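Take a look at the letters that make up each chain.
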Amino acid sequence: MIVRAGGIDFVGELNSDQYSVVSAPANRPTLVLAGAGSGKTRTLTYRVAWLISELGFSPRDILLLTFTNKAARQMLERIQALTGFLPSEFWGGTFHSIGNRFLRIEGKNIGIEPNFEILDAEDSEGLLKNVVNSEYPKFFSDKNNPRAGLLYDVISYARNTMLSIPSAMACRFSWIETPSAQIVDIANAYEFEKRKRNYCDFDDLLTLWFKLLKDCPDVLQKYNARFANILVDEYQDTNKIQSEIIDLLAHRGQITAVGDDAQCIYSWRGAEIDNILEFRERHPSASIYKIERNYRSTPQILKFANAILSQMDCDVDYKKSLVAARAGMNKPVVIRAMDGISQGRRVAECISAIVDSGQYRYEDIAVLYRSHFQAMDLQLQLQYGKIPFAITSGLKFFEQAHVKDVIAQIRFAVNPYDKISFLRIVKFLPKVGEKTADKILAKLEELAEKRGKPPLSLLCDKELLSKVPAAARDTFKIVAADIMSLGEILKTVPSGAYKSSEPSESGAGDAFQYDLFSNDALENLHSGTESKESGLANGPKELVRAACTGWYKGAMKSSYEDWEERVEDLDSLFEYAGRFDNIGEFLDNIALEMSETGSKPFEPGDGISRVRLMTVHQAKGLEFPVVFVIGAAEGLFPSKRSIDDGDVEEERRLFYVASTRAMNHLIISYPRVAVNNGVYEMREPSRFLQDIDPSLYDSDIDLGY
Ligand code: ATP
Ligand code: MG
């Protein structure tokens, strides 16, 4: 079903190295190790098209693992243009989203209920805190013990690297004084609590997925036989558990991985550069390809990038340099500014000049930085200059309190035993803390059992109200009525099954058909998984609208000074909800958006052209005609912490990633002076700049745009 007239011209649209990879046999382990902008992602896209159009596989035979869901969507849209198959027909996404899919469908084999709820990082931390408080009530009052956030990091690092907690502590958290046995205890109690409440945190989506494949040979065999090829982008940033999962699924050798060891920037999340360096040892029959030509950047930008590469401590086998396929333009420019404010002003002026020149629009321009705080001065200057921008770092859209408040109401209406969501709602009520909330929930459960009624219908029951402190009772009734009306809307909305044209193996609708919500309040939602009648398709939208109005509107006004701006966010949430027609997909997608460190938050869909502001980590895999990298000074980039730790190599790779995002123009700036605790300090230019031959860039000149 090739839709493009005349078929796909694989030879014409790829260079010979890329073509060799695309046309390699499906069953041979294939690794592409190539520099930034050499077309690795493009090669994977064409490989999928090849598997379908030349080798006759169907979309269901292919598993595509990428770093962000957005990257997967972009690739699949491109594949659709080439082959005609819809993105929804493939299994493509991040490890977490594919893990979610496996567990929804097959989790029952290891005792995971398919209607589990995904906890985001904040919720997981909250749960961990509760667990510690009940197991070791004095734990947090001892200042030598780690806070909940750090505890979560330790547990998470251990799980991602598959190390024991004592080993993870020794290797990355050696300054923590708490005995490791105590942290092991806490981790076990946290685990127990999650299973008891049918929660999965982000790491569970990987560790339980691994357990499923390891413990259930039938399941493994099924998917091993099913996937004709498993394609992995950004392979250099996979961690231990991810590589183990891939190796299990791909043990017939049906893997195509692409990556660049010089772009490994996630070791703090357990990324294991050895996964790529030892690929051949793990897959002795592997073919390893290099692609030297770079299609993204001008020769001047590539010379600059090569200078960064040459300073790296690379494995000799994999030493590479980038060869330009494009014609030349300007050299990169380095701007020296007085301080953060003048740096911001200078960047804003340059952006205006570039756009006024008529060659570029705002959206062609990105400003990258090492850490989010560096964007503050710039944002102000952009506002002064009336330059529209979208910031894709800092608190992500779905992590904002008001967005979470609204989602919590929907989640609670879906599952009235969801303690975390309930706590989020009752925090607005006077005199209701965690203990009272627990009592109310326990009562609700008891009443539902005793009376054989759905719990939502009992929210205004007298016996339940007796558990609510008198001061909060009136408001509670209003909140309860609102939640109950969400429950009414839910009855008219499809519950939640992955939508896919996936033909069922048994013919009886297995794979994607899972009952997302099994509690009795939602019994009548199970009748269908797709929109049953017209008008139901906007269910998630309708729920968001209802949750934003009513009681919550008033609560917002009295809780948040900037409530008007927050209302605008909720309008965006409303718009986002319109993209889904069942609640399961809507809630899963929100949770999974938050699992992506490198992901962009939900973008406003108003079509206005905006400059992009983001951290270098978030710019992974992206490209822009014009790129600014700000804050290239010692102590900022490389960060002070990396300098103090005596290991700046990952920061150097990050600088390489930043510079190689640029297609036509690369502008690097640094402030000479920084304010530290009210004191002015001189800053040196970044050592990464100092390591580069000054003839490879222009300094602080009139940019001539
Ligand atoms: P990164 O390491 O940053 O992820 P990459 O290796 O994945 O980069 P791509 O993003 O796939 O590189 O490609 C970089 C740019 O070069 C894209 O705009 C892509 O369309 C273009 N490109 C790649 N190969 C070719 C080719 N053979 N002909 C024309 N354009 C190409
Ligand atoms: Mg790429």
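Keep in mind it's a predicted model, so treat the numbers as computed, not measured.

**A short note on the overall build of the protein chain**
Across its full length, the protein chain holds 29 helices and 19 strands. For the protein chain, the residues scored as buried account for 57% of the 705 residues in total. Within the protein chain, residue pairs in contact and separated by at least 24 positions form 77% of the contacts whose partners lie at least 6 positions apart. With the model as given, the accessible surface of the protein chain reaches about 28800 Å², and the carbon-plus-sulfur share is 50%.

**Remarks on the site of ligand 1**
In the vicinity of ligand 1 lie 19 residues, with Lys40, Thr41, Gln263, Glu623 and Arg661 positioned nearest. Note that a nitrogen atom of ligand 1 is positioned 2.9 Å from one of the side-chain N or O atoms of Gln18. Taking Arg661, its side chain carries an N or O atom lying 2.8 Å from an oxygen atom of ligand 1. For ligand 1, the protein covers 81% of the area, taking 640 Å² as the surface of the free molecule. Across the shell around ligand 1, the residue classes tally to three nonpolar, nine polar and seven charged. Mapping the shell around ligand 1 onto the domain boundaries places at least three of its residues in each of domain 1 (10–106 + 209–291) and domain 3 (323–394 + 602–699).

**With respect to the side chain of Arg370**
With respect to the helices and strands, the residue Arg370 is situated in the loop between β12 (365–369) and α17 (375–384). Apart from residues no more than four positions distant in its own chain, Arg370 is found in contact with Thr615, Val616, His617, Leu636, Phe637, Ser639, Glu651 and Leu654.

**Section: helix α4 (residues 69–83)**
Compared with the 21 Å implied by 1.5 Å per residue over 15 residues, the 20 Å span of α4 between its first and last C-alpha is a close match. Within the span of α4, buried status applies to Asn69, Ala72, Met75, Leu76, Ile79, Leu82 and Thr83. The arc that holds the buried residues of α4, viewed along the axis, is 135°, so those residues lie on one side. Note on α4: the residue one or two positions beyond its end, Gly84, has a positive phi of about 90°.

**Here we look at the packing of aromatic side chains**
Counting across every chain of the model gives 30 aromatic pairs. Taken together, a centroid distance of 5.9 Å and an interplanar angle of 80° make the contact between Tyr157 and Phe173 edge-to-face. With Tyr157 in helix α7 (residues 148–161) and Phe173 in the loop between α8 (165–172) and α9 (180–197), this pair connects stretches of sequence that are 16 residues apart. Of the two residues, Tyr157 and Phe173, both sit in the buried class. Ring pairing ties together the aromatic residues Trp91, Phe95, Phe102, Trp209, Tyr223 and Phe227, which thus form one cluster.

**Here's the deal with the environment of Asp461**
Among the structural elements, Asp461 can be located in the loop between α20 (434–451) and α21 (462–465). Residue Asp461 is classed as buried on the basis of its relative accessible area, which comes to 16%. A C-alpha to C-alpha distance of 9.5 Å links Asp461 and Lys477, two positions 16 residues apart in sequence. Not counting residues up to four positions away in its chain, the partners in contact with Asp461 are Leu447 and Arg451.

**Regarding unusual backbone geometry**
Of note, the bond from Phe637 into Pro638 is cis; its omega dihedral lies within 30 degrees of zero at 10°. Locating Pro638 in the fold gives a position in the loop between β15 (624–629) and α27 (640–645). The residue Glu234 is not glycine, and still its phi comes out positive at about 55°. Position of Glu234 relative to the elements: it lies in the loop between β6 (229–232) and α12 (240–249). Look at Glu234 and you get buried, because its relative accessible area is 11%.

Thresholds applied
- The residue count restarts for each chain, going from 1 along the sequence in the order it is written.
- By the order in which they are written, chains take letters starting at A while ligands take numbers starting at 1.
- Reporting of local features is limited, given that this is a predicted model, to residues whose pLDDT is at least 70; pairs of side-chain atoms are given and counted only at 80 or more, and all residues count toward the totals for whole chains, interfaces and linings.
- Side-chain descriptors were evaluated using all non-hydrogen atoms of the structure, hydrogens and water having been removed beforehand.
- Think of it this way: any DSSP run of H or I at least four residues long counts as a helix, any run of E at least two long counts as a strand, and we number them from the N terminus.
- Per-residue accessibility, obtained with a 1.4 Å probe over protein chains only, is compared with the maximum for each type, and a residue is labelled buried under 20%, exposed over 50%, and partly exposed between these values.
- We call two residues in contact when some of their heavy atoms are within 4.5 Å.
- Note on areas: Shrake-Rupley with a 1.4 Å probe; residue coverage comes only from the protein chains shown.
- By convention in these notes, a residue is near a molecule or strand provided one of its non-hydrogen atoms lies within 4 Å of it.
- In the analysis that follows, any N or O atom pair within 3.5 Å is treated as a polar contact, provided that within protein one partner can donate a hydrogen and the other can accept it, and provided that, for residues neighboring in sequence, both atoms belong to side chains.
- In the scheme used here, Gly and all other residues not listed as nonpolar or charged are polar, with Ala, Val, Leu, Ile, Met, Phe, Trp, Tyr, Cys and Pro taken as nonpolar and Asp, Glu, Lys and Arg as charged.
- For the purposes of this description, domain bounds are those given by an automatic or database domain assignment.
- Any helix carries an expected span of 1.5 Å times its number of residues minus one.
- By construction, the arc corresponds to the directions joining the helix axis to the C-beta atoms.
- Between rings of Phe, Tyr and Trp, where Trp is taken as its six-membered ring, a pair exists when centres lie within 6.5 Å; planes separated by under 30 degrees are stacked, by over 60 edge-to-face, and by other angles tilted.

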